[in-house]
Amino acid sequence: FAFTMDGAPAWTYTIDPQPRYLDFGTAASPVVHQGRVYVLDDNEKSSFLAALDAKTGKEIWKTPRTGLGRILSGWSSPFVWVNARRTEIVTIGPQLAISYGLDGKELWRMKGLTQANPTPTEGDGLLFIGTGSQGEANRPLFAIRPGASGDISLPQGTTSSEFVAWFQPRASAYSSSPLVFGGRVYAVNDTGILQVFDAKSGKELYKARVGGVGNTFSASPWASGGHVFFLSEEGDTFVIRPGDAYDEVAKNSLGEMALASPAVTRDGLF
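### Comments concerning the overall build of the chain
(1) Moving on: In terms of helices and strands, the chain carries 0 helices and 23 strands.
(2) Moving on: Its C-alpha atoms give the chain a radius of gyration of 19 Å, near enough to 18 Å, the size a compact globule of 270 residues would have.
(3) Moving on: With respect to the three principal axes, the spread of C-alpha positions in the chain is 50 × 50 × 40 Å.
(4) Moving on: By sequence separation, contacts in the chain at least 24 residues apart represent 48% of the contacts at least 6 residues apart.
(5) Moving on: When the accessible surface of the chain is totalled, it reaches about 13,200 Å², and 51% of it is carbon and sulfur.

So this is what it looks like as structure tokens:
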């Protein structure tokens with residue numbers, strides 16, 4: 001649904017109901033970029049990525065998603081990556097990532113991922129793609145260089161290539177997206193294990209449990225005012241100083257459950 005700034009309905013785009021893995025429903029958010037709205041819908045029958053005109057809702061193009069693997073459903077939001085080479089729409093699907101040009105044509109794909117929950121992010125000239133499973137095993141995190149084409153999947157036993165700057169096999173979170181801030185990548189797992197890496201090299205700087213033992217996380221971390229914030233499922237926000245060691249400086253409590261990531265503006269938090 002689109003509304004004017006006065007709250008009047010402007011247009012509606014209907015996504016046909018489709019079967020989804022375990023009836024989990026949808027979770028991917030629409031993404032707005034330069035007059036277009038990008039909609040990703042990964043389901044068990046007819047997955048697609050579509051571009052809509054932001055003013056009218058008219059469908060500009062709709063690209064079928066093919067070769068997604070055994071499980072077809074996904075819950076990751078698309079990410080518009082504006083890099084030094086071009087602008088791409090990067091999507092995390094089940095077991096793989098696929099990037100598209102602004103014309104809806106596939107640019108590259110990469111296998112080796114798991115469940116499609118987190119959203120890609122970028123920083124220091126690289127794109128960071130992570131997916132995880134519940135628990136400690138099978139949580140790959142990749143750093144991608146701009147300009148890729150074709151299948152850039154890493155061969156078995158390798159950790160880098162022409163377009164994959166580095167790879168960590170057990171680093172990503174199950175549902176939250178990684179944060180890139182101050183030359184470091186922060187990834188907190190659902191069990192509260194935080195891993196921090198050098199953004200350019202992929203070297204692990206440290207590992208810690210956010211807030212100590214017993215905290216779980218679904219929301220993505222964020223940065224503001226020179227600090228990094230982690231919102232737990234219990235509604236506690238843990239604040240740390242960025243650096244090469246864990247340095248917790250504050251804890252703020254909402255007093256109720258929190259599963260979604262906050263919305264951050266220039267001067268506020270919702």
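### Examining the pairing of strand 4 (residues 36-41)
(1) Moving on: Taking burial as the measure, the 6 residues of strand 4 include 5 buried ones, the bulk of the element.
(2) Moving on: With antiparallel pairing between neighbouring strands as the criterion, strand 3 (residues 31-33) and strand 4 make up a hairpin whose turn holds 2 residues, including Gln34 at a positive phi of roughly 45°.
(3) Moving on: Pairing between strand 4 and strand 5 (residues 48-53): 6 bridges, direction antiparallel. For Leu40, the partnering residue across the bridge sits in strand 5 and is Leu49.

### Some words on unusual backbone geometry
(1) Moving on: A positive phi angle is found at Asp23, which is not glycine, with a value near 55°.
(2) Moving on: Take Asp23: it is sitting in the loop between strand 2 (9-11) and strand 3.
(3) Moving on: Phi at Gln34 is positive, roughly 45°, even though this residue is not glycine.
(4) Moving on: Here Gln34 shows up in the loop between strand 3 and strand 4.

### Section: the nonpolar core
(1) Moving on: In this structure, Trp108, Met110, Leu127, Ile129 and Ile144 are the most contacted members of the largest nonpolar core, which totals 18 residues.
(2) Moving on: Taken together, the elements giving at least two residues each to this core come down to strand 7 (79-82), strand 8 (87-93), strand 10 (106-111), strand 12 (126-130) and strand 13 (141-144).
(3) Moving on: In terms of nonpolar packing, the next biggest core, distinct from the first, is built from 13 residues, Val196, Phe217, Val228 and Phe230 among them.

### Here we look at a nonpolar patch on the surface
(1) Moving on: Together, Tyr21, Leu22 and Phe24 line one region of the surface with nonpolar side chains, adding up to about 330 Å² of accessible area.
(2) Moving on: Tracing the backbone through its elements, the reader meets Tyr21 in the loop between strand 2 and strand 3.

### Quick word on the pattern of salt bridges
(1) Moving on: Applying the stated criterion across every chain yields a total of 7 salt bridges.
(2) Moving on: A salt bridge links Arg20 to Asp41; the nearest nitrogen and oxygen atoms lie 2.8 Å apart. With Arg20 in the loop between strand 2 and strand 3 and Asp41 in strand 4, this pair connects stretches of sequence that are 21 residues apart.
(3) Moving on: As a salt-bridge pair, Glu106 and Arg109 come within 2.8 Å of each other at their nearest N and O atoms.
(4) Moving on: Residue class for Glu106 comes out partly exposed when judged on its relative accessible area of 39%.

### Thoughts on the sheet that holds strand 15 (residues 164-168)
(1) Moving on: With antiparallel pairing, 4 strands are arranged side by side in an open sheet as 11-12-13-15. The open sheet is flanked by strand 11 (121-123) and strand 15, the only strands paired with a single partner. Mean inter-strand twist for the sheet, computed between neighbouring axes without regard to direction, equals 20°.

### Some remarks on the sheet that holds strand 10
(1) Moving on: One open sheet accounts for 5 strands, arranged 7-8-9-10-14; its pairing is mixed. The sheet is open, and its two edges are formed by strand 7 and strand 14 (150-151), each paired on a single side.
(2) Moving on: Across 4 bridges, strand 7 lies against strand 8 in antiparallel orientation. The partner of Phe79 across the bridge, within strand 8, is Val90.

### Re the side chain of Thr63
(1) Moving on: Residue position: Thr63 is located in strand 6 (residues 59-64).
(2) Moving on: Here the side chain of Thr63 touches Gly104 through a polar contact of 2.8 Å, landing on its backbone oxygen.
(3) Moving on: With residues near it in sequence (within four places) discarded, Thr63 still touches Ser47, Phe48, Leu49, Tyr100 and Gly104.

### Regarding the side chain of Ser177
(1) Moving on: Inspection of the secondary structure assignment puts Ser177 in the loop between strand 15 and strand 16 (179-181).
(2) Moving on: A relative accessible area of 14% places Ser177 in the buried class.
(3) Moving on: At a separation of 2.9 Å, a polar atom in the side chain of Ser177 contacts the main-chain amide nitrogen of Thr119.
(4) Moving on: Look past the residues within four positions of Ser177 in its chain and what remains in contact with it is Pro118, Thr119, Ser220 and Pro221.

Rules and cut-offs
Residues numbered from 1 in each chain as written. Predicted model: local features only at pLDDT ≥ 70, side-chain atom pairs only at ≥ 80, totals over all residues. Heavy atoms only, no water. Helix = DSSP H or I, 4+ residues; strand = E, 2+ residues; numbered from the N terminus. Rg over C-alpha atoms; globule rule 2.2 N^0.38 Å. Contact = heavy atoms within 4.5 Å. Areas by Shrake-Rupley, 256 points an atom, 1.4 Å probe, with all protein chains shown as cover. Buried < 20%, exposed > 50% of the residue type's maximum accessible area, 1.4 Å probe, protein only. Pairing = 2+ DSSP bridges. Core = buried A, V, L, I, M, F, W, Y, C linked by side-chain atoms within 4.5 Å. Patch = residues over 30% accessible without salt bridge, like charges linked within 9 Å, V, L, I, M, F, W, Y side chains within 5 Å. Salt bridge = Lys/Arg side-chain N within 4 Å of Asp/Glu carboxyl O. Axes fitted to C-alpha atoms, helices over the stretch in contact; angles between N-to-C directions. Polar contact = N/O pair within 3.5 Å; in protein donor to acceptor, adjacent residues only side chain to side chain.

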